[in-house]
Amino acid sequence: MDWSAIARAAVTALLIAAAAPAAHAQQAPLQDKPFAEHKVVLQLSDNDPRKQGLVLSVASNLMKFYDPDKVAIEIVAFGPGIDLLRPENANRKMVESLVAQGARFDICLNTVDTLERESGRRPEFIAAATPVQVGVAQILFLTENGYTLVRP
């Protein structure tokens, strides 16, 4: 009996088991905005262009009103809302402008995985999107850490 092979297999199994819960509960870390006096999470869960425009407008108005260093803004897109973060979306320049000012756009990987299973092809999204495993879990994480949820 090869005890070293058994030991390697046992260690590998333990490492996989230990890593599984962390991967399942993956969330993007909080933004590094030490001077932020206000923290807002905006939810986007549908593909209505007017709703997308409203979310972007709210984020932009908050940046102007408070100063980008004084406000932490995170937009969490899940379900049909992830269409905002596709490369061909008409609002791409506005998204990238907000990212340049310090806003963060999260994309739900559960939604991406579901679309891939349904279509057989993984959808593309812009590089500015921060992947999170579960969009709603990210919203809960943020609200539990002092963010105010706004659903325009």
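Above this text sits the structure in question.
A short tour of the structure in this document, coming up.

Reading guide: rules and limits
- Residues numbered from 1 in each chain as written.
- Predicted model: local features only at pLDDT ≥ 70, side-chain atom pairs only at ≥ 80, totals over all residues.
- Heavy atoms only, no water.
- Helix = DSSP H or I, 4+ residues; strand = E, 2+ residues; numbered from the N terminus.
- Buried < 20%, exposed > 50% of the residue type's maximum accessible area, 1.4 Å probe, protein only.
- Polar contact = N/O pair within 3.5 Å; in protein donor to acceptor, adjacent residues only side chain to side chain.
- Pairing = 2+ DSSP bridges.
- Right-handed = clockwise from strand over helix to strand, strands pointing away.
- Core = buried A, V, L, I, M, F, W, Y, C linked by side-chain atoms within 4.5 Å.
- Contact = heavy atoms within 4.5 Å.

### Describing the side chain of S60
Then, in step 1: By the secondary structure assignment, S60 is in helix α2 (residues 49–66).
Then, in step 2: For S60, a relative accessible area of 10% puts it in the buried group.

### Thoughts on the environment of D48
Then, in step 1: Looking at the element boundaries, D48 is found in the loop between β1 (38–44) and α2.
Then, in step 2: Measuring from C-alpha to C-alpha, the distance between D48 and G81 comes to 8.1 Å, with 33 residues separating the pair along the chain.
Then, in step 3: At a separation of 3.0 Å, a polar atom in the side chain of D48 contacts the main-chain amide nitrogen of R50.

### Topic: the pairing of strand β2 (residues 71–77)
Looking along a regular strand, one sees the side chains alternate between the two faces of the sheet.
Then, in step 1: Taking burial as the measure, the seven residues of β2 include seven buried ones, the bulk of the element.
Then, in step 2: Side chains V71, I73, I75 and A77 of β2 all project onto a buried face; the interleaved residues A72, E74 and V76 project onto the opposite face, where all are buried too.
Then, in step 3: Inspection of the sheet shows β1 paired to β2 by seven bridges, in the parallel sense. Across the sheet, residue K39 finds its bridge partner in β2, namely A72.
Then, in step 4: Handedness of the β1-α2-β2 crossover: right-handed.
Then, in step 5: Pairing analysis gives four bridges linking β2 to strand β3 (residues 104–108), with the strands arranged parallel. Bridge pairing in β3 links V76 to D106.
Then, in step 6: Since β2 and β3 lie parallel, the crossover through helix α3 (residues 92–100) that links them has a hand, and here it is right-handed.

### Side note on the nonpolar core
Then, in step 1: Core analysis: the biggest nonpolar cluster contains 24 residues, and I73, I75, L85 and F105 have the highest contact counts within it.
Then, in step 2: When contributions to this core are tallied by element, the ones reaching two or more residues are β1, α2, β2, α3, β3 and α4 (109–119).
Then, in step 3: Among the elements that make up this core, the one with the highest residue count is α2 (five residues).
Then, in step 4: Non-local contacts of I73, meaning those with residues more than four positions away in its chain, are made with Q31, V40, L42, A59, L62, M63, G102, A103 and R104.
Then, in step 5: Residues V41, V76, F78 and I139 belong to the second largest nonpolar core, which totals nine residues.

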